[in-house]
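# Topology and contacts: notes
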Amino acid sequence: MNINIGSIQLPINAATKTFAILAKRGAGKSYTAAVMAEEFAHANIPFVVFDPIDVWWGLRVAADGKSKGLPVVVFGIEHADIPLDRDMGRRIAQAIVKENISCVISTFGMPKTAQRHLIAEFADELLNINDTPRHVFIEEAHEFVPQRVMGAMAKTFAAVEALVVMGRNRGIGVTLINQRAATLNKDVLTQVDTLLAFRNVAPQDRKALKEWVEAHSAEGDFDQFMKSLPSLPTGEGWIWSPEFMGVFERIQIRKRETFHPDREKLGSKFEVPTLEQADIQSFIRRFRTAPAKTSDEPEVAAKSPTTVPDSQAIIALRNEYERRLMEKDAEIRRLTAIVSTVRTALGDTENVSVMANTVPPSAVQLWRSKIGNGLAGKIFDLLASNPTREFTKQQIAFAVGASPNAGHTANEFAKLTKTKLMVRDGSLYRLNPNL
Ligand SMILES: Nc1ncnc2c1ncn2[C@@H]1O[C@H](COP(=O)(O)OP(=O)(O)O)[C@@H](O)[C@H]1O
Ligand SMILES: [Mg+2]
């Protein structure tokens, strides 16, 4: 199954990749992102939209403006299922991870400081707890990751940047949507895998797009790209995806299946259909009654190294591999749910072995490939194949054939604990269950 956005198909693991949709107002940014969201919904991949302009509730309504659209919960002020407040960020993250439901967080009408606080807490929490492929769309991205970061915005900036840079390790993909390429932070922008550029007129914005392309050492007809930008028709643009897909081409976005609220065209005549939808009502009820919990300290973000473009064969292999990992993860979650249902039915409330399955195989694979085959790699293999067990240093050294008191052993232990791949409790070590 692919993500069909019109003249081009994206591999399914696009859900865990990062995109920037950059274009002038009215050129088709929100429309394009909504097409992606529709495709994720069809593929059963949950998504979240941070929507400060209050247009994404349209997903709930079919394109005709009357019939039922997609089952998406809307948090917000207008058009909302659940009233939104500034301190709800962590709770929303917890609830959507628990139930794997898609939602729109419509912050329209909230003060900007409240919007920033909300997204910071949401992003921070999601990065800590996400356990399934999930996509986060952020409209008006320059409000959260601006080119110039002022003091009060540092917390939001750090949280959203971490989501973009570290999210992939947690199965989180992000799409940043913005009118001005120039006002979006360049350090964050250069980290995204794929650029979707539509009509862009302002010279500063075209310059920022040029810099993105240069930073990615992408190949293609760059002059034609730059020349076409100011006059692109609505819904037409370019995709640059040097590492993820190995493509650079002109694209046309397909028509939406859901409703696109267009404030200018709608005027005051349009009546929003009631957003009642049976399949999300139980989520809404549970959310309204569940108590909030608190979470741990945020993780420190690390920059991923820049990569060089790969050959098409490698790109295809990697995408196929990631697609299979996603399938396996889904299968494991399904089986874990069955195991826990059976356990509950049998009256066993301890759920001990379910812990073992909370580290997704894709996380283990990812880190495994980074560690190499030295001593740290052997230790990691031992812990990963015994994810619920704790060992003493002596036991680990004995198991992997290392000397427990050697400086080299201490260094490799430090490497694993510093990166939080391994956690220590007194004299006992184990695989980080929140990997
Ligand atoms: N792919 C498309 N096909 C058809 N119409 C489109 C397409 N993309 C955009 N439009 C039209 O252009 C208008 C503006 O698009 P929108 O996505 O809201 O712009 P932006 O988010 O860039 O400001 C939409 O209301 C819609 O009528
Ligand atoms: Mg828009």
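Rules of the game
Residues numbered from 1 in each chain as written. Chains lettered and ligands numbered in written order. Predicted model: local features only at pLDDT ≥ 70, side-chain atom pairs only at ≥ 80, totals over all residues. Helix = DSSP H or I, 4+ residues; strand = E, 2+ residues; numbered from the N terminus. Buried ≥ 20, exposed ≤ 12 C-beta atoms within 10 Å, placed from the backbone. Expected span 1.5 Å × (residues − 1). Near = placed C-beta within 6 Å. Nonpolar A, V, L, I, M, F, W, Y, C, P; charged D, E, K, R; others polar. Pairing = 2+ DSSP bridges. Arc of directions from axis to C-beta. Contact = placed C-beta atoms within 7 Å. Axes fitted to C-alpha atoms, helices over the stretch in contact; angles between N-to-C directions. Parallel < 35°, antiparallel > 145°, perpendicular 65-115°, else oblique. Left-handed = near helix turned anticlockwise from the far one by under 90°. pLDDT = per-residue confidence, 0-100. Core = buried A, V, L, I, M, F, W, Y, C linked by C-beta atoms within 7 Å.

Here we come to the overall build of the protein. For the protein, the count of helices and strands is 14 helices and 15 strands. Within the span of the protein, comprising 435 residues, buried residues form 40% of the whole.

Residues separated by three or four positions in an α-helix point in the same direction, a consequence of the helix having 3.6 residues per turn. Between its first and last C-alpha atoms helix H10 (residues 312–345) spans 50 Å; for 34 residues at 1.5 Å apiece the expected length is 50 Å, and the two agree. Here H10 has its buried residues at Glu 322, Leu 325 and Met 326.

Once that is clear, we can look at the site of ligand 1. As a structural note, the neighbourhood of ligand 1 is formed by 14 residues, with Gly 28, Lys 29, Ser 30, Tyr 31 and Gly 235 the closest of them. Tallied by class, residues from the shell around ligand 1 come to four nonpolar, six polar and four charged.

Our next topic: the sheet that holds strand E10 (residues 194–197). Across the sheet, which stays open at both edges, the 10 strands sit in the order E6-E5-E7-E4-E8-E9-E3-E10-E11-E12 with mixed pairing between neighbours. The open sheet has two free edges, formed respectively by strand E6 (82–83) and strand E12 (247–252), since each of these has just one partner strand. By the bridge criterion, three bridges tie E10 to strand E11 (residues 236–241) in an arrangement that is antiparallel. When the sheet's bridge partners are listed, Ala 197 is paired in E11 with Trp 238.

This brings us to the pairing of strand E14 (residues 422–425). Direction of pairing for E14 relative to strand E15 (residues 428–431): antiparallel, over a ladder of four bridges. Paired with Met 422 across the bridge in E15 is Leu 431.

Here E10 shows no split at all, with Thr 194 and Leu 196 on one side and Leu 195 and Ala 197 on the other all buried. Taken together, the four bridges between strand E3 (residues 18–22) and E10 define a ladder with parallel strand orientation. From the neighbouring strand, Leu 22 faces E10, where its bridge partner is Ala 197.

Moving on, we come to helix H11 (residues 361–371). Taken as a whole, H11 has its buried residues at Ser 362, Ala 363 and Trp 367. All buried residues of H11 lie within an arc of 125° about the axis, which places them on one face of the element. Elements that come into contact with the buried residues of H11 comprise H10 and helix H12 (375–385). A positive backbone phi angle near 85° is found at Gly 372, which sits one or two residues after H11.

So, about the packing of H12 against helix H14 (residues 407–418). Relative to each other, H12 and H14 sit at 55°, their axes nearing to 9 Å. The angle between H12 and H14 places the two elements in the oblique class. The interaxial crossing formed by H12 with H14 has right-handed handedness. Counting all contacts with H12, which are made through Leu 375, Ala 376, Ile 379 and Phe 380, the residues of H14 involved are His 408, Thr 409, Glu 412, Lys 415 and Leu 416. Here the contact of H12 with H14 is composed, by residue class, of five nonpolar, two polar and two charged.

Looking now at the sheet that holds E14. As summarised here, the arrangement of the three strands in space is E13-E15-E14, forming an open sheet in which the pairing is antiparallel. Edge positions in the sheet fall to strand E13 (391–392) and E14, since each of these pairs with one other strand and no more.

Our next topic: the environment of Phe 47. Counting through the fold element by element, Phe 47 comes out in strand E4 (residues 47–51). We classify Phe 47 as buried; it has 27 C-beta atoms within 10 Å.

Our focus in this paragraph is the confidence of the model for the protein. Residues at a pLDDT of 70 or more form 89% of the protein, whose mean pLDDT is 88. Counting interchain partners and residues more than four positions distant, the pLDDT-below-50 stretch residues 297–306 has 13 contacts. Confidence over residues 351–356 falls short of pLDDT 50; this stretch has 10 contacts with residues more than four positions distant or in other chains.

A few words now on the nonpolar core. Among the nonpolar cores identified, the biggest contains 90 residues, and Cys 103, Val 104 and Leu 163 are the most heavily contacted of them. Discounting residues that sit within four places of it in the chain, Cys 103 has contacts with Val 48, Val 72, Val 73, Phe 75, Ile 92 and Ile 96. With 17 residues, the next largest nonpolar core counts Leu 383, Ala 397, Phe 413 and Tyr 429 among its residues.

Its identity is not glycine, yet Asn 44 carries a phi of approximately 65°, on the positive side. Position of Asn 44 relative to the elements: it lies in the loop between helix H1 (29–42) and E4. Residue classification places Asn 44 among the exposed positions, given that 12 C-beta atoms sit within 10 Å. Phi is positive for Glu 140, which is not a glycine, with a value near 50°. Note on Glu 140: 17 C-beta atoms within 10 Å, which makes it partly exposed.

This part takes up the environment of Gly 237. Considering the arrangement of structural elements, one finds Gly 237 in strand E11. A tally of 27 C-beta atoms within 10 Å means that Gly 237 is categorised as buried. Considered as a pair, Gly 237 and Ala 197 are 40 residues apart in the sequence and their alpha carbons are 5.5 Å apart.

As a further point, take the packing of H12 against helix H13 (residues 393–400). Put simply, H12 and H13 touch, their axes get as near as 10 Å, and they point 110° apart. With respect to their mutual orientation, H12 and H13 come out roughly perpendicular. Here Leu 375, Lys 378, Ile 379 and Leu 382 of H12 lie close against H13, whose contacting residues are Ile 396, Ala 399 and Val 400. A class-by-class count of the residues in the contact of H12 with H13 yields six nonpolar, no polar and one charged.

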